[in-house]
Amino acid sequence: MSHPKLLFGFHAITARLRHDASSIEEIYYDTSRRDRRMLDFLQQAESAKVRLIAADAQRLHGLAGSARHQGVVARAAEVALALNLAELLDGIAGPPLLLVLDGVTDPHNLGACMRVADGAGAHAVIAPKDRAVGLNATAAKVASGAAETVPYITVTNLTRTLRELQERGIWVVGTSDDAPNDLYQTKLAGPLALVMGAEGEGMRRLVRETCDELMRIPMAGSVESLNVSVASAVCLYEAVRQRRAP
């Protein structure tokens, strides 16, 4: 725990309180909010012996850089859930389930993908250091606590990382609108890395060519594609369903 970061919103800060309260340096809270949710939150923070600092809406907005802080902003240390990809894979019991994001640049989409990954039980979200938004405060808030429980691992070269996964016996499946088979025709029950492309552009060419297999999400309506977080949910939960099938 070394690099300080900002968390805002009840879900993100409550998740950190539960996961590692000692990593929170201080919490700023809106004194004008006296509703039950705020009172319960403050009681939880006090029980964890976290320093509380009264603040007005203007100061909270300045700290969070957003008006969607819900009246609470925290300064906290970074908590490394996994130091690197090798450490992550060595610590997984059973077949890995990984979500790989190729160039997602919208923090709201990243946060929603983190939340989906947590819900589906994915072991990590992997993304490139470049051409990606990074796990900032906005993404952490949208993740509703998932940023504190799901490792978010950034890599220098995504194509090389996919090859490393393949060398460990992990099947790499990319998503593409023009794939010959849909996800219901694709085997997703074993060690798996699901690759989702960027908003609007899809996977980059080298990433696409590195995948072991491509699949598409069948679309019966008039829209051509789904938001990346929705597509991630559909694919991850199909993988979960197949893993639980007798």
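On a predicted model such as this, the values are computed, not experimentally measured, just so you know.

Draft legend 1. Just the environment of Ala 64, in detail. For Ala 64, the position within the fold is in helix H3 (residues 57–64). The residues touching Ala 64, leaving out its near neighbours within four places in the chain, are Phe 8, His 69 and Val 73.

Draft legend 2. A look at a nonpolar patch on the surface. Together, Met 219, Val 223, Leu 226 and Val 230 make up an exposed nonpolar region whose accessible area comes to about 290 Å². By the secondary structure assignment, Leu 226 is in the loop between strand S10 (213–215) and helix H9 (228–244).

Draft legend 3. Molecular detail of the pattern of salt bridges. Under the defined criterion, the tally for this structure stands at ten salt bridges. Two residues, Arg 36 and Asp 40, come together in a salt bridge whose shortest N-O distance is 3.3 Å. Of this pair, Arg 36 and Asp 40 both sit in helix H2 (residues 36–47), four residues apart, which is roughly one turn of the helix. Judged by relative accessible area, which is 36%, Asp 40 ranks as partly exposed. A salt bridge links Glu 201 to Arg 131, with the nearest nitrogen and oxygen atoms 3.7 Å apart. In this pair, Glu 201 is assigned in the loop between strand S9 (192–197) and helix H8 (205–210) and Arg 131 in the loop between strand S6 (124–128) and helix H6 (137–142), connecting sequence segments 70 residues apart.

Draft legend 4. Broad picture of the packing of helix H1 (residues 10–20) against H2. At a minimum axis separation of 11 Å, H1 and H2 run at an interaxial angle of 25 degrees. By the angle between their directions, the pair H1 and H2 is classed as roughly parallel. Judged by the sense of rotation from one axis to the other, the crossing of H1 with H2 is left-handed. Here Phe 10, His 11, Ile 13, Thr 14, Leu 17 and Arg 18 of H1 lie close against H2, whose contacting residues are Arg 37, Met 38, Phe 41, Gln 44 and Ala 45. For the contact of H1 with H2, the per-class residue count stands at six nonpolar, three polar and two charged.

Each value, and the rule that gives it
- Residues numbered from 1 in each chain as written.
- Predicted model: local features only at pLDDT ≥ 70, side-chain atom pairs only at ≥ 80, totals over all residues.
- Heavy atoms only, no water.
- Helix = DSSP H or I, 4+ residues; strand = E, 2+ residues; numbered from the N terminus.
- Contact = heavy atoms within 4.5 Å.
- Patch = residues over 30% accessible without salt bridge, like charges linked within 9 Å, V, L, I, M, F, W, Y side chains within 5 Å.
- Areas by Shrake-Rupley, 256 points an atom, 1.4 Å probe, with all protein chains shown as cover.
- Salt bridge = Lys/Arg side-chain N within 4 Å of Asp/Glu carboxyl O.
- Buried < 20%, exposed > 50% of the residue type's maximum accessible area, 1.4 Å probe, protein only.
- Axes fitted to C-alpha atoms, helices over the stretch in contact; angles between N-to-C directions.
- Parallel < 35°, antiparallel > 145°, perpendicular 65-115°, else oblique.
- Left-handed = near helix turned anticlockwise from the far one by under 90°.
- Nonpolar A, V, L, I, M, F, W, Y, C, P; charged D, E, K, R; others polar.

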